[in-house]
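Chain and residue survey
Residues per chain, in single letters:
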Amino acid sequence: MNIVEKILSKASGEKEVTPGQIVDAKIDYAMINEITGYLVAKYFKDVGAKKVWDKERVTIILDHTIPAPTAQAAEVHRIVRDFARDLDIPGFYDVGRGGVCHQVMVEKGYVKPGEVIVGADSHTVTYGALGAFSTGIGSTEMTSVFITGRLWFKVPKVIRIDVAGEFDRFVGAKDLFLRVAKEIGFSGATYMGLEFTGPTVKNMSVSSRLTLCNMAIEVGAKSGIVEPDEKTVEYVKSRTSDPFTPLNGDSDAEYDRTLNINVDGLPSQIACPGAVDNVKPVSELGDVELDQIYIGSCTNGRIEDLQAAADILRGRQVNPRTRLVVVPASQEIFIDAMNKGLIQTFAEAGAAIATASCGACYGGHLGVLAAGETCLSTTNRNFIGRMGDPKAKVYLGSPTVAAASALTGRITDPNTLR
Amino acid sequence: MKVEAKALKYGDNINTDIIIPGKYLVIMDEEELGRHAMEGIDPVFSGKSRDGIVLVVGDNFGSGSSREQAPIALKNANVKCIVAKSFARIFYRNAINLGLPVLECSDLWSEVIEGDILTVSLEDGLIENGRIRRTFKAQPLPPFILDIIQSGGLLNKLKQSLK
């Protein structure tokens, strides 16, 4: 069995599971944010439930509309806050206390190797970076999980992505995923799992692995996963004292197919507007003028990302033709970035810095785009209308490309900066 | 369980940001969500769907977000059933859990024009297009999924189990 099959077999108590089999699995953690959570709060009352299956295994994290931009959003917050208080949930993260739900889940130690986690947000796939099986579900199913602590899954086929080679300076996990997306296509892994493996992945930091797994849903996948190693164990132990049992695939594990990628000489990759698989090397884009650059999100809002961007921006100014919005993925990252002087670097460069949250990613708050505007974003999704008006254009790229582009006001390869 | 209604037809890769854009996610009134359904591709969709429709779409319908507001908006726009060439995973589960029937059929799409009356039989996955007098076969839903839809969604089943 591969790692996904191993985890699902353990969680369902089945000795052996195979792709296509439907299993009833025990859930280790369940997470909601305010956008999906207010529906869970409503449904929970509608069905007459009184308590969650285990309040220590539930987290409620406000992150999309932070702080509340409208009275309507404030009402959503109030419903979710009351729900968390009524149920006496210790893992409740209010405005200013957490950040993007996925980063909070990871850094507060809720994510552990070998466990099964569901979240009412599609980017729940992120946690596979720590060797967990994690996937996004809707609010109705989440209500059921909150009550029963169980959920059915169809065991997915898994595509193995074997990565070799060394990244050039300024190139990393985001570029690798976009390259994979170009190969697989935006619906090419629907209902499937992606397992990232090989020496390059082994050499990657936990932060970079989170970026990689975060985007698995963008090619339709149910899960993105990296087998746990010493780095994983060390990271998780620094975040929680709870015991855990890492699981790895067998040496004769079966996969749907293997995709081999070599990153030697890979240039920075950009997903062009409309689809994540519409990918080109940065040098082939031509002259793309930018109205906004956004650095942040569960994809690229971690300290490693902010550091890489600040190293390019330090002592320089955001080009007057454009604007830069920076949003750390969590309160902890915000504080870390302050202590490292990164917030000062961004502010002195002329960036707008907002509180830890989803920020501009989903088109509802903190940097919404007007019709006809163009944005380069370090986020994960560039659907039409994603970041604001349907006539706005969104390009996806890495934090280093974002920082270089902020200096020139057009999409720029950081290698071409003087 | 049979559904009979006029068809409305759209293409491939209709994602959740098209079905219900992010700015509407804090709307708690389900009927209002319904008025914004599919706004990203057809601003007058809810007017066309008012009397009840079968939504016929291409590949990868509902890709992207886990937002249940997407199937809620479609249900409240009076979409009675969705027949797609294929669905994205989370949307597919969400629709079923809300009691909104979803069928995968790759042959139907090219044989439907807007306004055709379609008769969908969920038990056997058969879809009849009266205009051309042809019947198409979709993958029938497994019994436990059909049971969720026939109960009117997962919440109704949960309610029963909590009694």
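Residues numbered from 1 in each chain as written. Chains lettered and ligands numbered in written order. Predicted model: local features only at pLDDT ≥ 70, side-chain atom pairs only at ≥ 80, totals over all residues. Heavy atoms only, no water.

On to the overall build of chain B. If you tally the helices and strands in chain B, you get seven helices and seven strands. Computed over C-alpha atoms, the radius of gyration of chain B comes to 15 Å, within 12% of the 15 Å expected from 2.2 N^0.38 for 163 residues, which places it in the range of a compact globule. Overall, chain B is about 45 × 40 × 25 Å in size when its C-alpha atoms are taken along their principal axes. Once local pairs closer than 6 in sequence are excluded, the contacts in chain B between residues at least 24 apart make up 65%. For chain B, the exposed surface amounts to about 6,400 Å²; the carbon and sulfur share of it is 48%. Positive and negative side-chain charges of chain B, numbering 20 and 21 respectively, have mean locations separated by a distance of 2 Å. (Helix = DSSP H or I, 4+ residues; strand = E, 2+ residues; numbered from the N terminus. Rg over C-alpha atoms; globule rule 2.2 N^0.38 Å. Contact = heavy atoms within 4.5 Å. Areas by Shrake-Rupley, 256 points an atom, 1.4 Å probe, with all protein chains shown as cover. Lys, Arg positive; Asp, Glu negative; His and termini not counted. Charge placed at Lys NZ, Arg CZ, Asp CG, Glu CD.)

For a regular strand, side-chain orientation follows a simple rule: the groups alternate between the two sheet faces. All names here are of chain A. Burial analysis of strand β2 (residues 29-33) places five of its five residues in the buried class, the great majority of the element. Going residue by residue along β2, you find Tyr29, Met31 and Asn33 tucked away on one face and Ala30 and Ile32 tucked away on the opposite face as well. Here three bridges tie β2 to strand β5 (residues 116-119), and the two strands are oriented parallel to one another. By the bridge assignment, tyrosine 29 is partnered in β5 with isoleucine 117. For β2 and strand β3 (residues 58-61), the ladder comprises four bridges, and the chain directions are parallel. (Buried < 20%, exposed > 50% of the residue type's maximum accessible area, 1.4 Å probe, protein only. Pairing = 2+ DSSP bridges.)

Our next topic: helix α5 (residues 89-97) of chain B. The buried count for α5 of chain B comes to nine of nine residues, which makes it a mostly enclosed element. Of the residues trailing α5 of chain B, glycine 99 of chain B is marked for its positive phi of about 80°.

Before going further, it helps to examine the packing of aromatic side chains. Scanning the model with the defined rule gives 13 aromatic pairs over all chains in all. Here the aromatic rings of phenylalanine 133 of chain A and phenylalanine 153 of chain A are separated by 5.4 Å at their centres, their planes lie at 85°, and the arrangement is edge-to-face. With a gap of 20 residues between them, phenylalanine 133 of chain A in strand β6 (residues 133-136) and phenylalanine 153 of chain A in strand β7 (residues 150-154) connect regions that are remote in the sequence. There is no split in this pair, since phenylalanine 133 of chain A and phenylalanine 153 of chain A are both buried. Of the aromatic side chains, those joined through ring pairs into one cluster are Tyr191 of chain A together with Phe61, Phe87, Phe91 and Tyr92 of chain B. Positioned over the ring face of tyrosine 191 of chain A is lysine 154 of chain A, at 5.8 Å from the centre of the ring. One cation-aromatic arrangement involves lysine 9 of chain B over tryptophan 109 of chain B; the distance from NZ or CZ to the ring centre is 4.0 Å. (Phe/Tyr/Trp six-rings, centres within 6.5 Å; stacked < 30°, edge-to-face > 60°. Lys NZ or Arg CZ within 6 Å of the ring centre and 35° of its normal.)

What follows concerns the side chain of serine 63 of chain B. Following the sequence through the fold, serine 63 of chain B ends up in the loop between β2 (53-57) and α4 (69-76). By relative accessible area, serine 63 of chain B is classed as buried at 10%.

All names here are of chain A. In this structure, threonine 211 sits in helix α8 (residues 206-214). Overall, threonine 211 belongs to the buried group, its relative accessible area being 2%. With residues up to four places along the chain from it excluded, the contact list for threonine 211 reads Ala173, Lys174, Thr299, Asn300 and Arg302.

A few words now on the domain arrangement of chain A. Residue and element names in this part refer to chain A. You can read the domains of chain A as domain 1 (3-13 + 20-241 + 253-261) and domain 2 (269-416). Summarising the inter-unit geometry, the C-alpha centres of domain 1 and domain 2 are found 23 Å apart. Contact with domain 1, which involves 36 residues of that partner, is made by 37 residues of domain 2. Summed over both partners, the interface of domain 1 with domain 2 comes to about 3,200 Å²; 56% of that surface belongs to carbon and sulfur atoms. Between arginine 239 and glutamate 332 there is a salt bridge, and its shortest N-O distance comes to 2.9 Å. Taken together, the elements giving at least two residues each to the side of domain 1 that touches domain 2 come down to α4 (101-107), α6 (173-184) and α8. Sort the elements by how many residues they give to the side of domain 1 that touches domain 2 and α6 lands first, with six residues. Taken together, the residues of the side of domain 1 that touches domain 2 break down into eleven nonpolar, 15 polar and ten charged. (Domains from an automatic or database assignment. Buried area = accessible area lost by both parts, 1.4 Å probe. Salt bridge = Lys/Arg side-chain N within 4 Å of Asp/Glu carboxyl O. Nonpolar A, V, L, I, M, F, W, Y, C, P; charged D, E, K, R; others polar.)

The full count for this structure, using the stated rule, is 34 salt bridges over all chains. With its nearest N and O atoms 3.9 Å apart, the salt bridge here joins glutamate 30 of chain B to lysine 42 of chain A. Here glutamate 30 of chain B, found in helix α2 (residues 30-35), pairs with lysine 42 of chain A, found in helix α2 (residues 34-46), and the two come from separate chains. Note on lysine 42 of chain A: relative accessible area 37%, which makes it partly exposed. Between arginine 160 of chain A and aspartate 162 of chain A there is a salt bridge, with the nearest N and O atoms lying 3.8 Å from each other. With relative accessibility at 24%, the residue arginine 160 of chain A sits in the partly exposed group. Connected through shared salt-bridge partners, Lys26, Asp28, Asp54 and Arg57 of chain A make up one network.

Turning our eyes to something else, we now look at the pairing of strand β6 (residues 126-129) of chain B. All names here are of chain B. A one-sided burial pattern is seen for β6, the buried positions being Ile127 and Asn129 and the unburied ones Leu126 and Glu128. The pairing of strand β5 (residues 117-121) with β6 spans four bridges and is antiparallel. The residue of β6 that forms the bridge with threonine 119 is glutamate 128. Following β5, the chain reverses through four residues before pairing antiparallel with β6; glycine 125 in that reversal takes a positive phi of roughly 70°. Taken together, the four bridges between β6 and strand β7 (residues 134-137) define a ladder with antiparallel strand orientation. Each residue of the ladder has a partner; that of asparagine 129, found in β7, is arginine 134.

Below, the discussion takes up the nonpolar core. The biggest cluster of nonpolar side chains holds 108 residues, and the ones touching the most others in it are Phe45, Leu55, Phe61, Leu74 and Ile82 of chain B. The element that contributes the greatest number of residues to this core is α2 of chain A, accounting for seven residues. Counting residues in each nonpolar core, the second largest holds 66 residues, with Cys101, Leu194, Ile261 and Leu396 of chain A among its members. (Core = buried A, V, L, I, M, F, W, Y, C linked by side-chain atoms within 4.5 Å.)

With 45 residues of chain A at the contact, the number on the chain B side is 36 residues. Interface area, chain A with chain B, both sides summed: about 3,500 Å², of which 63% is carbon and sulfur. Contact with chain B buries surface across chain A, with Val47, Thr140 and Tyr191 of chain A losing the most and accounting together for 17% of the total. Applying the counting criterion to the chain A and chain B interface returns three salt bridges. Among the salt bridges present, the one from glutamate 141 of chain A reaches arginine 93 of chain B, with a minimum N-O distance of 2.9 Å. There are 15 residue pairs in polar contact (both at pLDDT 80 or more) connecting chain A and chain B. Elements represented by at least two residues in the side of chain A that touches chain B include exactly α2, α3 (71-86), β6, α5 (139-148) and β7 of chain A. If you tally residues by element for the side of chain A that touches chain B, the top one is α2 of chain A, at seven residues. (Polar contact = N/O pair within 3.5 Å; in protein donor to acceptor, adjacent residues only side chain to side chain.)

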